[in-house]
Amino acid sequence: MPLAERLGALRERDFRLLFAGTMITTVGDRLAGIALAFAVLDVASATALGIVFAFRQGVQALVVVAGGVVSDRLPRNLVLVGASLVQGAAQAATAFCVLAGVGGVEAIVVLQAVYGLGLGLVIPAEVGLVPQTVGPDKLQQANALQGLTRNVVAVLGPAIGGAIVVAGSPGVALALDAVSFLVCAELLRRIRVRPRPDATAPPGFLTELREGWREFTSRTWLWASVVLFGIGNLMAAGWSVLGPLVADERLGGAGAWAVILTVGGIGAVVGSAVAMRVRPRRPLAACVIAAVPLSFQTLALALEAPTWVIAAAAFLAGVGLSIHLTLWFTVFQQQVPERAQSRVASYDTLGSFVLMPLGFALAGPLADAIGITETLWIAVAVMWASWAAILALPSVWAIRARPSVSSPSPA
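Since the model is a prediction, treat every value here as computed from it, not as a measurement. (Residues numbered from 1 in each chain as written. Predicted model: local features only at pLDDT ≥ 70, side-chain atom pairs only at ≥ 80, totals over all residues. Heavy atoms only, no water.)

**Section: the pattern of salt bridges**
Basically, it comes down to this: One speaks of a salt bridge when a side-chain nitrogen belonging to Lys or Arg is within 4 Å of a carboxyl oxygen belonging to Asp or Glu. Each residue gets one of three labels from its accessible area relative to the maximum for its type: buried under 20%, exposed over 50%, partly exposed in between, using a 1.4 Å probe on protein chains only.
Applying the stated rule across the entire model yields 8 salt bridges. In this structure, Arg-13 engages Asp-14 in a salt bridge whose closest nitrogen and oxygen atoms are separated by 2.7 Å. Between Glu-186 and Arg-190 there is a salt bridge, and its shortest N-O distance comes to 3.1 Å. Judged by relative accessible area, which is 42%, Arg-190 ranks as partly exposed. In the salt-bridge network here, residues are joined through shared partners; they are Asp-72, Arg-76, Glu-211 and Arg-343.

In C-alpha coordinates, the structure reads:
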(Lines give C-alpha, C1' and ligand atoms only; values in the text may rest on other atoms or scores of the structure.)
Protein backbone atom coordinates (compact mmCIF):
# COMPACT_ATOMS: atom_id res chain seq x y z
CA MET A 1 0.00 0.00 0.00
CA PRO A 2 1.48 3.41 -0.97
CA LEU A 3 2.41 5.73 1.90
CA ALA A 4 -0.23 8.27 0.86
CA GLU A 5 -2.94 5.64 1.25
CA ARG A 6 -1.62 4.45 4.63
CA LEU A 7 -1.83 8.05 5.88
CA GLY A 8 -5.20 8.71 4.25
CA ALA A 9 -6.96 9.32 7.56
CA LEU A 10 -4.87 12.48 7.96
CA ARG A 11 -6.69 14.00 5.01
CA GLU A 12 -9.69 14.44 7.29
CA ARG A 13 -9.59 17.86 9.01
CA ASP A 14 -11.08 16.73 12.31
CA PHE A 15 -8.85 13.69 12.58
CA ARG A 16 -5.80 15.89 11.89
CA LEU A 17 -6.76 18.06 14.87
CA LEU A 18 -7.24 15.01 17.08
CA PHE A 19 -3.96 13.55 15.85
CA ALA A 20 -2.07 16.79 16.56
CA GLY A 21 -3.60 17.19 20.02
CA THR A 22 -2.69 13.61 20.92
CA MET A 23 0.87 14.12 19.71
CA ILE A 24 1.40 17.29 21.75
CA THR A 25 0.09 15.89 25.04
CA THR A 26 2.08 12.70 24.49
CA VAL A 27 5.28 14.73 24.20
CA GLY A 28 4.53 16.38 27.53
CA ASP A 29 3.45 13.17 29.25
CA ARG A 30 6.55 11.28 28.13
CA LEU A 31 8.70 14.05 29.58
CA ALA A 32 6.66 14.02 32.78
CA GLY A 33 6.45 10.23 33.19
CA ILE A 34 10.11 9.70 34.02
CA ALA A 35 10.24 13.02 35.88
CA LEU A 36 7.38 12.07 38.21
CA ALA A 37 8.98 8.72 39.08
CA PHE A 38 12.32 10.24 40.03
CA ALA A 39 10.76 13.28 41.71
CA VAL A 40 9.16 10.86 44.16
CA LEU A 41 12.20 8.59 44.47
CA ASP A 42 14.35 11.63 45.29
CA VAL A 43 12.41 12.16 48.53
CA ALA A 44 10.79 8.78 49.26
CA SER A 45 10.70 5.05 48.45
CA ALA A 46 9.28 2.76 45.77
CA THR A 47 6.30 2.22 48.09
CA ALA A 48 5.56 5.96 47.98
CA LEU A 49 5.86 5.93 44.20
CA GLY A 50 3.39 3.06 44.09
CA ILE A 51 0.97 5.06 46.25
CA VAL A 52 1.19 8.04 43.88
CA PHE A 53 0.34 5.82 40.90
CA ALA A 54 -2.35 4.03 42.90
CA PHE A 55 -4.19 7.23 43.80
CA ARG A 56 -4.02 8.52 40.23
CA GLN A 57 -5.31 5.26 38.75
CA GLY A 58 -7.82 4.86 41.57
CA VAL A 59 -9.47 8.22 40.88
CA GLN A 60 -9.47 7.42 37.17
CA ALA A 61 -11.32 4.18 37.93
CA LEU A 62 -13.86 6.03 40.10
CA VAL A 63 -14.83 8.55 37.42
CA VAL A 64 -14.41 6.55 34.20
CA VAL A 65 -17.93 5.08 34.14
CA ALA A 66 -19.52 8.50 34.68
CA GLY A 67 -17.13 9.79 32.01
CA GLY A 68 -18.60 7.30 29.57
CA VAL A 69 -22.12 8.61 30.13
CA VAL A 70 -20.95 12.22 29.80
CA SER A 71 -19.09 11.39 26.57
CA ASP A 72 -22.17 9.73 25.04
CA ARG A 73 -24.27 12.79 25.95
CA LEU A 74 -21.99 15.73 25.08
CA PRO A 75 -19.73 16.46 22.09
CA ARG A 76 -16.80 14.16 22.77
CA ASN A 77 -14.18 16.68 21.68
CA LEU A 78 -15.40 19.13 24.33
CA VAL A 79 -15.24 16.41 26.98
CA LEU A 80 -11.60 15.95 26.00
CA VAL A 81 -11.04 19.72 26.22
CA GLY A 82 -12.29 19.69 29.80
CA ALA A 83 -10.10 16.68 30.62
CA SER A 84 -7.02 18.42 29.18
CA LEU A 85 -7.61 21.53 31.28
CA VAL A 86 -7.93 19.47 34.48
CA GLN A 87 -4.79 17.47 33.70
CA GLY A 88 -2.84 20.60 32.76
CA ALA A 89 -3.77 22.33 36.03
CA ALA A 90 -2.73 19.27 38.04
CA GLN A 91 0.64 19.02 36.32
CA ALA A 92 1.29 22.74 36.71
CA ALA A 93 0.68 22.52 40.46
CA THR A 94 2.83 19.38 40.73
CA ALA A 95 5.65 21.16 38.90
CA PHE A 96 5.40 24.06 41.34
CA CYS A 97 5.60 21.74 44.36
CA VAL A 98 8.66 19.95 42.95
CA LEU A 99 10.47 23.12 41.88
CA ALA A 100 9.71 24.97 45.12
CA GLY A 101 10.35 21.94 47.31
CA VAL A 102 7.03 22.26 49.11
CA GLY A 103 4.25 19.83 49.94
CA GLY A 104 6.30 16.65 49.78
CA VAL A 105 4.91 13.33 48.61
CA GLU A 106 1.53 14.09 50.18
CA ALA A 107 0.95 17.04 47.83
CA ILE A 108 2.05 15.00 44.81
CA VAL A 109 -0.40 12.24 45.76
CA VAL A 110 -3.30 14.72 45.94
CA LEU A 111 -2.39 16.49 42.71
CA GLN A 112 -1.93 13.25 40.78
CA ALA A 113 -5.35 12.19 42.05
CA VAL A 114 -6.71 15.37 40.43
CA TYR A 115 -4.83 14.38 37.27
CA GLY A 116 -6.63 11.03 37.44
CA LEU A 117 -9.96 12.89 37.45
CA GLY A 118 -9.22 14.24 33.97
CA LEU A 119 -7.65 10.96 32.88
CA GLY A 120 -10.89 9.15 33.62
CA LEU A 121 -12.63 11.12 30.88
CA VAL A 122 -10.02 10.59 28.17
CA ILE A 123 -10.37 6.97 27.01
CA PRO A 124 -14.21 6.83 26.83
CA ALA A 125 -14.34 10.11 24.92
CA GLU A 126 -11.46 9.34 22.55
CA VAL A 127 -12.60 5.81 21.69
CA GLY A 128 -15.97 7.22 20.61
CA LEU A 129 -14.50 10.29 18.91
CA VAL A 130 -12.16 8.52 16.47
CA PRO A 131 -15.01 6.93 14.41
CA GLN A 132 -16.67 10.38 14.25
CA THR A 133 -13.63 11.87 12.52
CA VAL A 134 -12.96 9.25 9.77
CA GLY A 135 -14.88 6.93 7.47
CA PRO A 136 -15.30 3.21 8.33
CA ASP A 137 -12.69 2.16 5.76
CA LYS A 138 -10.04 4.25 7.55
CA LEU A 139 -10.89 3.18 11.09
CA GLN A 140 -8.03 0.73 11.74
CA GLN A 141 -5.67 3.13 10.02
CA ALA A 142 -6.81 5.97 12.27
CA ASN A 143 -6.37 3.83 15.39
CA ALA A 144 -2.88 2.84 14.24
CA LEU A 145 -2.01 6.48 13.57
CA GLN A 146 -3.23 7.47 17.04
CA GLY A 147 -0.90 4.84 18.44
CA LEU A 148 1.87 6.04 16.14
CA THR A 149 1.38 9.56 17.46
CA ARG A 150 2.05 8.41 20.98
CA ASN A 151 4.82 6.05 20.06
CA VAL A 152 6.94 8.30 17.84
CA VAL A 153 7.27 10.89 20.57
CA ALA A 154 7.82 8.11 23.11
CA VAL A 155 11.20 7.57 21.47
CA LEU A 156 12.41 11.08 22.29
CA GLY A 157 10.31 11.83 25.37
CA PRO A 158 12.04 9.55 27.91
CA ALA A 159 15.47 10.50 26.60
CA ILE A 160 14.74 14.22 26.94
CA GLY A 161 12.95 13.67 30.24
CA GLY A 162 15.88 11.68 31.58
CA ALA A 163 18.30 14.42 30.46
CA ILE A 164 16.19 17.06 32.22
CA VAL A 165 16.11 14.98 35.42
CA VAL A 166 19.88 14.38 35.33
CA ALA A 167 20.79 17.97 34.42
CA GLY A 168 18.18 19.89 36.38
CA SER A 169 14.87 19.25 38.11
CA PRO A 170 11.95 16.93 37.35
CA GLY A 171 9.73 19.97 37.90
CA VAL A 172 10.75 21.47 34.55
CA ALA A 173 9.49 18.41 32.65
CA LEU A 174 6.24 18.50 34.63
CA ALA A 175 5.78 22.18 33.75
CA LEU A 176 6.24 21.42 30.04
CA ASP A 177 3.59 18.72 30.34
CA ALA A 178 1.17 21.29 31.80
CA VAL A 179 1.70 23.60 28.81
CA SER A 180 1.12 20.72 26.37
CA PHE A 181 -2.36 20.15 27.80
CA LEU A 182 -3.33 23.78 27.20
CA VAL A 183 -2.26 23.58 23.55
CA CYS A 184 -4.12 20.29 23.13
CA ALA A 185 -7.31 21.79 24.58
CA GLU A 186 -7.28 24.54 21.96
CA LEU A 187 -6.81 22.08 19.08
CA LEU A 188 -9.58 19.77 20.28
CA ARG A 189 -11.95 22.72 20.71
CA ARG A 190 -11.80 23.27 16.93
CA ILE A 191 -13.06 19.79 16.00
CA ARG A 192 -16.57 19.87 14.51
CA VAL A 193 -18.59 16.86 15.65
CA ARG A 194 -21.86 16.30 13.84
CA PRO A 195 -24.97 16.25 16.06
CA ARG A 196 -26.31 12.74 16.48
CA PRO A 197 -29.38 12.02 14.35
CA ASP A 198 -31.25 10.77 17.41
CA ALA A 199 -30.41 13.86 19.46
CA THR A 200 -33.41 13.92 21.79
CA ALA A 201 -33.64 14.55 25.50
CA PRO A 202 -31.36 11.90 27.04
CA PRO A 203 -32.78 9.41 29.52
CA GLY A 204 -31.74 9.53 33.15
CA PHE A 205 -28.13 9.04 34.18
CA LEU A 206 -28.75 5.66 35.82
CA THR A 207 -30.77 4.48 32.82
CA GLU A 208 -27.84 5.27 30.56
CA LEU A 209 -25.48 3.46 32.91
CA ARG A 210 -27.68 0.36 32.77
CA GLU A 211 -27.93 0.51 28.98
CA GLY A 212 -24.16 0.70 28.71
CA TRP A 213 -23.79 -2.21 31.12
CA ARG A 214 -26.21 -4.33 29.04
CA GLU A 215 -24.23 -3.60 25.89
CA PHE A 216 -21.03 -4.56 27.72
CA THR A 217 -22.25 -7.79 29.33
CA SER A 218 -24.11 -9.00 26.22
CA ARG A 219 -20.76 -9.74 24.52
CA THR A 220 -18.91 -12.61 26.18
CA TRP A 221 -15.69 -11.92 24.27
CA LEU A 222 -15.73 -8.37 25.64
CA TRP A 223 -16.50 -8.73 29.34
CA ALA A 224 -14.46 -11.91 29.78
CA SER A 225 -11.43 -10.47 28.01
CA VAL A 226 -11.67 -7.27 30.05
CA VAL A 227 -11.79 -9.17 33.35
CA LEU A 228 -8.82 -11.36 32.43
CA PHE A 229 -6.79 -8.47 31.02
CA GLY A 230 -7.51 -6.66 34.28
CA ILE A 231 -5.97 -9.52 36.27
CA GLY A 232 -2.90 -9.44 34.03
CA ASN A 233 -2.64 -5.66 34.39
CA LEU A 234 -2.71 -6.04 38.18
CA MET A 235 0.70 -7.67 38.01
CA ALA A 236 1.97 -5.68 35.02
CA ALA A 237 1.89 -2.61 37.29
CA GLY A 238 5.08 -3.95 38.89
CA TRP A 239 7.02 -2.86 35.80
CA SER A 240 6.23 0.83 36.44
CA VAL A 241 7.06 0.66 40.17
CA LEU A 242 9.93 -1.82 40.36
CA GLY A 243 11.53 -0.94 37.01
CA PRO A 244 12.74 2.53 38.12
CA LEU A 245 13.83 1.01 41.45
CA VAL A 246 15.94 -1.65 39.72
CA ALA A 247 17.39 1.02 37.44
CA ASP A 248 18.22 3.21 40.43
CA GLU A 249 19.83 0.41 42.45
CA ARG A 250 21.49 -1.77 39.80
CA LEU A 251 21.57 -0.17 36.36
CA GLY A 252 22.90 3.33 37.03
CA GLY A 253 19.80 5.46 37.64
CA ALA A 254 17.53 7.63 35.54
CA GLY A 255 19.77 7.50 32.47
CA ALA A 256 19.49 3.72 32.16
CA TRP A 257 15.72 3.78 32.71
CA ALA A 258 15.41 6.49 30.04
CA VAL A 259 17.34 4.30 27.58
CA ILE A 260 15.04 1.35 28.28
CA LEU A 261 11.90 3.44 27.81
CA THR A 262 13.30 5.05 24.67
CA VAL A 263 14.05 1.68 23.06
CA GLY A 264 10.59 0.54 24.07
CA GLY A 265 9.23 3.60 22.31
CA ILE A 266 11.11 2.67 19.13
CA GLY A 267 9.50 -0.76 19.29
CA ALA A 268 6.09 0.86 19.69
CA VAL A 269 6.70 2.96 16.55
CA VAL A 270 7.58 -0.18 14.60
CA GLY A 271 4.48 -1.87 15.98
CA SER A 272 2.26 1.02 14.91
CA ALA A 273 3.65 0.86 11.38
CA VAL A 274 2.93 -2.87 11.28
CA ALA A 275 -0.56 -2.31 12.71
CA MET A 276 -1.49 -0.05 9.79
CA ARG A 277 -0.98 -2.94 7.39
CA VAL A 278 -1.76 -6.17 9.25
CA ARG A 279 -5.18 -7.70 8.57
CA PRO A 280 -5.48 -10.92 10.60
CA ARG A 281 -8.39 -13.23 9.81
CA ARG A 282 -9.19 -13.46 13.53
CA PRO A 283 -8.32 -9.98 14.79
CA LEU A 284 -9.30 -10.49 18.43
CA ALA A 285 -7.21 -13.66 18.83
CA ALA A 286 -4.32 -11.86 17.14
CA CYS A 287 -4.85 -8.94 19.50
CA VAL A 288 -4.39 -11.21 22.55
CA ILE A 289 -1.32 -12.95 21.11
CA ALA A 290 0.23 -9.56 20.36
CA ALA A 291 0.05 -8.70 24.08
CA VAL A 292 2.33 -11.60 25.11
CA PRO A 293 5.64 -9.73 24.51
CA LEU A 294 4.59 -7.29 27.25
CA SER A 295 5.71 -9.95 29.72
CA PHE A 296 9.21 -10.06 28.26
CA GLN A 297 10.32 -6.80 29.87
CA THR A 298 9.14 -7.93 33.31
CA LEU A 299 10.81 -11.30 32.68
CA ALA A 300 14.10 -9.54 31.86
CA LEU A 301 13.93 -7.65 35.16
CA ALA A 302 13.24 -10.93 37.00
CA LEU A 303 16.30 -12.52 35.37
CA GLU A 304 18.43 -9.56 36.55
CA ALA A 305 19.43 -8.95 32.94
CA PRO A 306 21.72 -6.07 31.91
CA THR A 307 20.33 -2.82 30.56
CA TRP A 308 20.66 -3.81 26.90
CA VAL A 309 18.68 -7.04 27.39
CA ILE A 310 15.90 -5.23 29.27
CA ALA A 311 15.86 -2.62 26.51
CA ALA A 312 15.55 -5.34 23.84
CA ALA A 313 12.65 -6.87 25.78
CA ALA A 314 11.05 -3.42 26.02
CA PHE A 315 11.40 -3.10 22.22
CA LEU A 316 9.44 -6.32 21.69
CA ALA A 317 6.88 -5.21 24.28
CA GLY A 318 6.41 -1.93 22.41
CA VAL A 319 5.85 -3.73 19.11
CA GLY A 320 3.31 -6.07 20.64
CA LEU A 321 1.44 -3.42 22.61
CA SER A 322 0.94 -1.20 19.55
CA ILE A 323 -0.51 -4.04 17.50
CA HIS A 324 -2.60 -5.20 20.46
CA LEU A 325 -4.20 -1.79 21.08
CA THR A 326 -4.87 -1.06 17.41
CA LEU A 327 -6.64 -4.37 16.89
CA TRP A 328 -8.55 -4.13 20.19
CA PHE A 329 -9.97 -0.66 19.52
CA THR A 330 -10.81 -1.50 15.91
CA VAL A 331 -12.73 -4.64 16.91
CA PHE A 332 -14.42 -2.71 19.70
CA GLN A 333 -15.53 0.14 17.42
CA GLN A 334 -16.80 -2.30 14.79
CA GLN A 335 -18.74 -4.48 17.25
CA VAL A 336 -20.26 -1.88 19.62
CA PRO A 337 -22.93 0.60 18.41
CA GLU A 338 -21.69 4.20 18.11
CA ARG A 339 -24.41 5.56 20.42
CA ALA A 340 -23.03 3.51 23.33
CA GLN A 341 -19.33 3.36 22.54
CA SER A 342 -18.17 5.77 25.26
CA ARG A 343 -20.24 4.07 27.97
CA VAL A 344 -19.07 0.60 26.97
CA ALA A 345 -15.50 1.89 26.67
CA SER A 346 -15.77 3.18 30.23
CA TYR A 347 -16.63 -0.32 31.50
CA ASP A 348 -13.77 -1.67 29.37
CA THR A 349 -11.37 0.84 30.93
CA LEU A 350 -12.67 0.22 34.43
CA GLY A 351 -12.38 -3.54 34.13
CA SER A 352 -8.97 -3.42 32.49
CA PHE A 353 -7.40 -0.99 34.93
CA VAL A 354 -9.42 -1.10 38.17
CA LEU A 355 -6.91 -3.50 39.72
CA MET A 356 -3.85 -1.51 38.65
CA PRO A 357 -4.02 0.86 41.67
CA LEU A 358 -3.87 -2.24 43.85
CA GLY A 359 -0.91 -3.47 41.80
CA PHE A 360 0.89 -0.14 42.18
CA ALA A 361 0.21 -0.07 45.92
CA LEU A 362 1.28 -3.68 46.54
CA ALA A 363 4.34 -3.91 44.30
CA GLY A 364 6.65 -2.08 46.71
CA PRO A 365 5.53 -3.79 49.96
CA LEU A 366 5.44 -7.21 48.26
CA ALA A 367 8.97 -6.71 46.95
CA ASP A 368 10.08 -5.68 50.45
CA ALA A 369 8.46 -8.79 51.93
CA ILE A 370 9.53 -11.51 49.48
CA GLY A 371 12.10 -9.81 47.25
CA ILE A 372 12.07 -7.91 43.96
CA THR A 373 12.97 -10.93 41.83
CA GLU A 374 10.28 -13.13 43.37
CA THR A 375 7.65 -10.42 42.92
CA LEU A 376 8.56 -10.05 39.25
CA TRP A 377 8.32 -13.83 38.67
CA ILE A 378 4.83 -13.86 40.15
CA ALA A 379 3.88 -11.00 37.83
CA VAL A 380 5.09 -12.90 34.76
CA ALA A 381 3.21 -16.06 35.74
CA VAL A 382 -0.08 -14.21 36.32
CA MET A 383 0.19 -12.38 32.99
CA TRP A 384 0.79 -15.62 31.08
CA ALA A 385 -2.12 -17.35 32.82
CA SER A 386 -4.56 -14.51 32.11
CA TRP A 387 -3.72 -14.37 28.40
CA ALA A 388 -3.98 -18.17 28.07
CA ALA A 389 -7.45 -18.02 29.65
CA ILE A 390 -8.59 -15.39 27.13
CA LEU A 391 -7.38 -17.50 24.21
CA ALA A 392 -9.39 -20.42 25.59
CA LEU A 393 -12.66 -18.52 24.96
CA PRO A 394 -14.45 -19.70 21.76
CA SER A 395 -16.04 -16.26 21.30
CA VAL A 396 -12.57 -14.72 20.93
CA TRP A 397 -11.82 -16.95 17.95
CA ALA A 398 -15.32 -16.46 16.49
CA ILE A 399 -14.71 -12.79 15.61
CA ARG A 400 -13.41 -12.56 12.06
CA ALA A 401 -12.07 -9.64 10.07
CA ARG A 402 -14.63 -7.56 8.22
CA PRO A 403 -14.11 -7.03 4.48
CA SER A 404 -12.76 -3.61 3.61
CA VAL A 405 -15.56 -1.40 2.36
CA SER A 406 -14.87 2.07 1.06
CA SER A 407 -17.13 4.83 2.24
CA PRO A 408 -17.28 8.58 1.69
CA SER A 409 -15.23 10.62 4.13
CA PRO A 410 -16.95 12.94 6.59
CA ALA A 411 -17.39 16.46 5.35
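**Comments concerning helix H12 (residues 294-302)**
Applied cut-off: Comment: elements are numbered from the N terminus, with helices defined as DSSP H or I runs of at least four residues and strands as E runs of at least two.
Counting buried positions along H12 gives 7 out of 9 residues, so the element sits mostly inside the fold. Those residues of H12 not exposed but buried are Ser-295, Gln-297, Thr-298, Leu-299, Ala-300, Leu-301 and Ala-302. Where H12 terminates, the next one or two residues include Glu-304, which has phi positive at roughly 55°.

**Quick notes on the packing of H12 against helix H16 (residues 372-391)**
Between two packed helices, what matters for the description is the angle formed by their axes and the separation of those axes. Which entries qualify depends on this criterion: Axis lines are fitted through C-alpha atoms, for helices just across the contact stretch, and the angle between N-to-C directions can take any value from 0 to 180 degrees. Roughly parallel means an angle under 35 degrees; roughly antiparallel means over 145; roughly perpendicular covers 65 to 115; every other angle is labelled oblique. Two helices that cross are described as forming a left-handed crossing if the nearer one is turned anticlockwise from the farther one by less than a right angle, and a right-handed crossing if clockwise. Here a residue-residue contact requires only that any non-hydrogen atoms of the pair lie within 4.5 Å. We call Asp, Glu, Lys and Arg charged. Ala, Val, Leu, Ile, Met, Phe, Trp, Tyr, Cys and Pro are nonpolar, and the rest, Gly among them, are polar.
For the pair H12 and H16, interaxial distance at closest approach is 8 Å and the crossing angle is 160°. With respect to each other, H12 and H16 are oriented roughly antiparallel. Regarding H12 and H16, the two cross each other, and that crossing is left-handed. On H16, the residues touching Leu-294, Ser-295, Thr-298, Leu-299, Leu-301 and Ala-302 of H12 are Thr-373, Leu-376, Trp-377, Ala-379, Val-380, Met-383, Trp-384 and Trp-387. Taken together, the residues of the contact of H12 with H16 sort by class into 11 nonpolar, 3 polar and no charged.

**Brief notes about the nonpolar core**
Selection criterion: Nonpolar cores are built from buried Ala, Val, Leu, Ile, Met, Phe, Trp, Tyr and Cys residues. Side-chain atoms within 4.5 Å join them into one set.
Membership of the largest hydrophobic core comes to 64 residues, with the highest contact counts inside it found for Phe-15, Leu-18, Leu-222 and Trp-328. Ranked by residues supplied to this core, first place goes to helix H9 (residues 220-251) with 8 residues. If you look at the next biggest cluster of nonpolar residues, it comprises 47 residues, including Leu-36, Ala-173, Leu-245 and Leu-301.

**Some details on the confidence of the model for the chain**
As a reminder of what qualifies: You can read pLDDT as the predictor saying how much it trusts each residue, on a scale of 0 to 100.
Averaged over every residue, the pLDDT of the chain is 82; residues scoring 70 or more account for 89%. In this model residues 405-411 is a low-confidence stretch, pLDDT under 50, and it forms 13 contacts with partners more than four residues away in sequence or in other chains.

**Points about the packing of aromatic side chains**
Note the following rule: Ring pairs shown here join Phe, Tyr and Trp side chains whose ring centres sit within 6.5 Å, with only the six-membered ring taken for Trp; geometry is labelled stacked below 30 degrees between planes, edge-to-face above 60, and tilted in between.
A full pass over the atoms with the stated rule returns 8 aromatic pairs. Considering the side-chain rings of Tyr-115 and Phe-181, the 6.0 Å spacing of their centres and the 75° angle between planes classify their relative orientation as edge-to-face. Of this pair, Tyr-115 sits in helix H5 (residues 104-133) while Phe-181 sits in helix H7 (residues 170-189); the two residues are 66 residues apart in sequence, bridging distant segments of the chain. In this pair, the class of Tyr-115 matches that of Phe-181, namely buried. The interplanar angle of 45° and the centroid separation of 4.9 Å between the aromatic rings of Trp-239 and Trp-257 together place this pair among those described as tilted.

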